[in-house]
Amino acid sequence: MEEIFTGLLPYLLAGLGVTLAVTLIALSLGFVIGLGLAILRVYGGIFAARVIALYTLLIRALPHILMLLIMFFVIASIVNLSPFWAGSLSLAIISGAYQTEIFRGAIQSVGVGQMMAARTLGMTRTQAIFYIILPQALRLAIPGWSNEAAIIVKDSSLVYVLGVPEILRRAQYYSARTYEPFTAFIAVAAIYFVLTFLTNRGLSALERRLKIPGL
Amino acid sequence: MEGYLNFLRAAIPALNQGTVITLELTLVALAAGFILGFPAAVARVYGGRLLAALSTVYTEIFRGTPVLVQLFIIYYGLPQFGLTLPAYLAAFIALGLNSGAYQAEYFRGAIQAISSGQMMAARSLGISQLKAILYIIIPQAFRLALPAWSNEVVSMVKVTSIVYLIAVPDLMTRAKMLSSRYFNPIETYLTAAVYYLVIIGLITLVMNYIERRSRIPGLELEVDTR
Amino acid sequence: MTEPIIKLENIHKSYGKDEILKGINLEVREGEVVVIIGPSGTGKSTLLRCINLLTMPDRGRVWVDGVEITDPKVDINKARRHIGFVFQDFNLFNHLTALGNVTIGLKLVLGMKAGAAKEKGEFELARVGLQDKAGLYPGQLSGGQKQRVAIARALAMDPRVMLFDEPTSALDPELIGEVLEVMQKLAREGMTMVCVTHEMGFAREVASRIVFMERGVIVEEGTPEEMFLRPRFDRTREFLGKISELYGKHQSG
């Protein structure tokens, strides 16, 4: 029993850094991609809108494992990236598609009146987007984004298929050595549970901090 | 191009067989998920302290951990206690439990959205709580949850792909086997992608049709889906 | 004195197959208060939005303060600095305080420094009677207060003309008065104003000219006295009569 705390958990937690790194890279790159494409989609003209819609549709219609593998092999044929980076970048592209939809919805729910009012003051479209629309849209997007963040935390386990030494992979090594797979995988589940819990809590707190009455 | 067509001739029958398994897994998981999830939702809203707590623990755990880990616990973990399940069964159980947790949340949202006003109206007509739940709340909750549930159907098709890690011969696994055999991972996986797109496209059309037919004007719900 | 401050020439606008504006010609001189009235859906708001090109006319030209703003070579953002616009739905920036709403145009568009902008902003809020609400967010204000902040926001840019698009239509009855009061004050101070409104009391008391529009054309225009007492067209008499009945007792001043 104490083996769990002296042996298993430290061993698994040593892989926590990898899991968190994959998650953070995927979420932050996904954020840049998602926000950028959402702005282009809403304000960029019909051609851009259609292309971006196609991208988000395709990525959201395919299993994540499949996309990880496709992108891994495509990337591997072009440039020599480690499984860690291939996996993280692939997850970033996947998350980018979901985040595009989240931000698009948020931007559209800010309402066209805000843009009109900004323009009547003489602001350019760009000024209006950055100073008026985005500050409101980002706040509106927080609940949907927390949902996505929790999903990516869990999806980071998928890089297991690429052999990345994150906590699930470590648990598998441990169980191969000690013939205690149940213990190992339950421990992994517990770690993930704590991670998603903290993520949800953290983002709720952020939402409260940024709350503006009436927004 | 020639090579790809030859590959397809060998690949298509295998991928088709895999598709059948994928659809089978999806259906069983959805059904199991419904049998688990719907009662869990009712228990959470109407069940009193203990049942509600149990329901919450179930949904929080299965939504708060990766489905891949859940699968590994059931397939690789249970043998630690001497309980070795065949891959298919492990897959059904894991996917079913996972889907049940998400479905519980969708149904809970729907039930709560409908609940208070409708319940008050029903009770003031003299209808008992049980009858109100069965005849007033539940019929509306189903309709309200339908869009979220359509999302779940599409999601489940995608989620079944994880059984590739325990060698259940679904579409994803077949693709892997083909790619190892013919050394062409990109073509194989892209072909599998086309299969998934077609499957999901068709399912989406069907679900949209069902949604449109059963929609009650003014009755809509906003829930966090996968 | 001779050049009108606003000139609309042959303005046409269609949405799909519906032609909303069928060749409107209108001139507004400095210091005038022009009130546009008419049944709903006749294009009054569309016309107003053509003045600052929020809505682009399909045909026709618009001059503001001597500049033809429909000329594509003209920078519309520069032109809009001199035209104030007040919306029916206020459209206050929800993530900014009242003061923030008033100063953001000053900082971003006019390049004012934060200190100067704050001073000007507080001055304008005081002008509409809301100096003690400067730190509140739109979500914390009543409808009438929101509209007054919207007016302050437009005034802060020191516009040459103020456009009002049904400014009181979205307000609860008891809040309409405070907004009309501000508008009357502006008119007395000599601001050039074009208002689309249903408030007949305001039109009668404050307008220097009333324009009656129906189905995309201007039916008649004239001073309040001419329009209410000696309208040339039956339709005008009919419309004003009906509206006066409805709104009769409710007047400002």
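Quick note: structure is the one above.
Just so you know, these numbers come straight off a predicted model, no measurement behind them.

The subject of this paragraph is the overall build of chain B. Secondary structure assignment for chain B yields seven helices and zero strands. Listing every helix and strand of chain B by position from the N terminus yields α-α-α-α-α-α-α. By its C-alpha atoms, chain B is 75 × 45 × 20 Å across when sized along the principal axes. Per-residue burial for chain B yields a buried fraction of 50% across its 226 residues. Partitioning the intrachain contacts of chain B with sequence separation of at least 6 by distance along the chain shows that 77% fall at a separation of at least 24. Here chain B displays about 10900 Å² of accessible surface, and carbon together with sulfur accounts for 66% of that area.

A few words now on the interface of chain B and chain A. Listed as interface residues are 34 residues of chain B and, on the opposing side, 34 residues of chain A. In this assembly, chain B packs against chain A so that about 2900 Å² is buried in total across both faces, 79% of it on carbon and sulfur atoms. When the buried area of chain B at its contact with chain A is split by residue, Phe72(B), Gln80(B) and Lys158(B) rank highest and sum to 18% of it. Linking chain B with chain A are zero salt bridges, by the criterion used here. Here the side of chain B that touches chain A takes nine residues from helix α7 (residues 185-214) of chain B, the largest share from any one element.

It is worth spelling out the interface of chain C and chain A at this point. If you look at the interface, chain C gives 24 residues, while chain A gives 21 residues. Where chain C abuts chain A, roughly 2000 Å² becomes buried across the two surfaces, and 67% of that area is made up of carbon and sulfur atoms. Of all residues in chain C, Phe93(C), His95(C) and Leu108(C) bury the most surface against chain A, accounting for 31% of the area lost on that side. The interface formed by chain C and chain A holds zero salt bridges in total. Our count for the chain C to chain A interface comes out at seven residue pairs in polar contact (both at pLDDT 80 or more). Every element with two or more residues in the side of chain C that touches chain A is listed here: α2 (76-80), β6 (83-86) and α3 (98-108) of chain C. In terms of residue class, the side of chain C that touches chain A is built from 12 nonpolar, eight polar and four charged.

Residues and elements named next belong to chain A. A cluster of nonpolar side chains, Val74, Ile78, Val79, Leu81 and Trp85, forms an exposed patch at the surface whose accessible area comes to about 440 Å². Within the secondary structure layout, Val79 lies in the loop between α4 (64-78) and α5 (83-110). Judged by its relative accessible area of 43%, Val79 is partly exposed.

Time to look at the sheet that holds strand β5 (residues 67-68) of chain C. Residues and elements named next belong to chain C. Sheet architecture is open: four strands sit in the order β2-β1-β4-β5, paired in antiparallel fashion. Two strands bound the open sheet, and with one partner strand each, they are β2 (18-28) and β5. Of the pairings in the sheet, the one linking strand β4 (residues 59-64) to β5 comprises two bridges and is antiparallel in character. In the sheet register, Val64 faces β5, and the bridge partner there is Val67.

Let's shift gears to the nonpolar core. Core analysis: the largest hydrophobic core is formed by 196 residues, its most contacted members being Ile151(C), Met162(C) and Met193(C). Examining the composition of this core, we find that 11 residues originate from one element, helix α7 (residues 125-155) of chain A, more than from any other. In this view, Met162(C) contacts Gly84(C), Val86(C), Ile151(C), Ala154(C), Leu155(C), Leu186(C), Met191(C), Thr192(C), Met193(C) and Val194(C); residues no more than four positions away in its chain are not counted. By size, the runner-up hydrophobic cluster in this structure holds 16 residues, among which are Phe38(B), Tyr46(B), Ala110(B) and Ile137(B).

Residue and element names in this part refer to chain C. Among the five residues in strand β3 (residues 33-37), five count as buried, and that is most of the element. Of the strand pairs in this sheet, β3 and strand β8 (residues 192-196) are connected by four bridges, and their pairing is parallel. Each bridged residue has a counterpart across the sheet, and for Ile36 the counterpart in β8 is Val196. Relative to strand β9 (residues 209-214), β3 is paired through four bridges, and the arrangement is parallel. When the sheet's bridge partners are listed, Ile37 is paired in β9 with Phe212.

Among the eight residues in helix α1 (residues 44-51) of chain C, seven count as buried, and that is most of the element. Backbone geometry just downstream of α1(C) places Leu53(C) in the positive-phi region, at approximately 60 degrees.

In this model, Ala167(B) sits at a positive phi of 65 degrees, which is unusual for a non-glycine residue. Turning to its location among the elements, Ala167(B) is positioned in the loop between α5 (129-159) and α6 (171-182). In this structure, Asn91(C) is a non-glycine residue whose phi angle is positive, near 55 degrees. Its place among the elements puts Asn91(C) in the loop between β6 and α3. Given a relative accessible area of 12%, Asn91(C) falls into the buried group.

Cut-offs used in this document
Here the residue numbering is sequential within each chain, running from 1 through the sequence in written order. Starting at A for chains and at 1 for ligands, labels are handed out in the order in which the entities are written. Where totals are concerned, whole chains, interfaces and linings use all residues; where local detail is concerned, this predicted model gives features only for residues with pLDDT of at least 70, and gives and counts side-chain atom pairs only at 80 or more. Hydrogens and water are ignored here; the side-chain numbers use all heavy atoms of the structure. Here a helix means four or more residues in a row that DSSP labels H or I, a strand means two or more in a row labelled E, and each is numbered from the N terminus. Type-normalised accessible area, obtained with a 1.4 Å probe on protein chains alone, sets the label of each residue: buried when under 20%, exposed when over 50%, and partly exposed for intermediate values. Any two residues whose heavy atoms approach within 4.5 Å are treated as being in contact. Computed with the Shrake-Rupley method and a 1.4 Å probe, the accessible areas treat only the protein chains shown as cover for residues. Buried area: the accessible surface (1.4 Å probe) lost by two parts on joining, summed over both. When a carboxyl oxygen of Asp or Glu lies within 4 Å of a side-chain nitrogen of Lys or Arg, that pair is called a salt bridge. The definition of a polar contact used here is a pair of N or O atoms within 3.5 Å, where within protein one atom must be able to donate a hydrogen and the other to accept one, and adjacent residues in sequence count solely through side-chain atom pairs. Following the grouping adopted for this structure description, the nonpolar residues are Ala, Val, Leu, Ile, Met, Phe, Trp, Tyr, Cys and Pro, the charged ones are Asp, Glu, Lys and Arg, and the polar ones are all others, Gly among them. Patch building starts from residues that exceed 30% relative accessible area and form no salt bridge, then joins like charges within 9 Å and nonpolar side chains (Val, Leu, Ile, Met, Phe, Trp, Tyr) within 5 Å. Strands were regarded as paired on the criterion that DSSP finds at least two bridges between them. In plain words, nonpolar cores are sets of buried Ala, Val, Leu, Ile, Met, Phe, Trp, Tyr and Cys residues tied together by side-chain atoms within 4.5 Å.

Everything listed here is a matter of geometry and, on its own, says nothing about what the molecule does.
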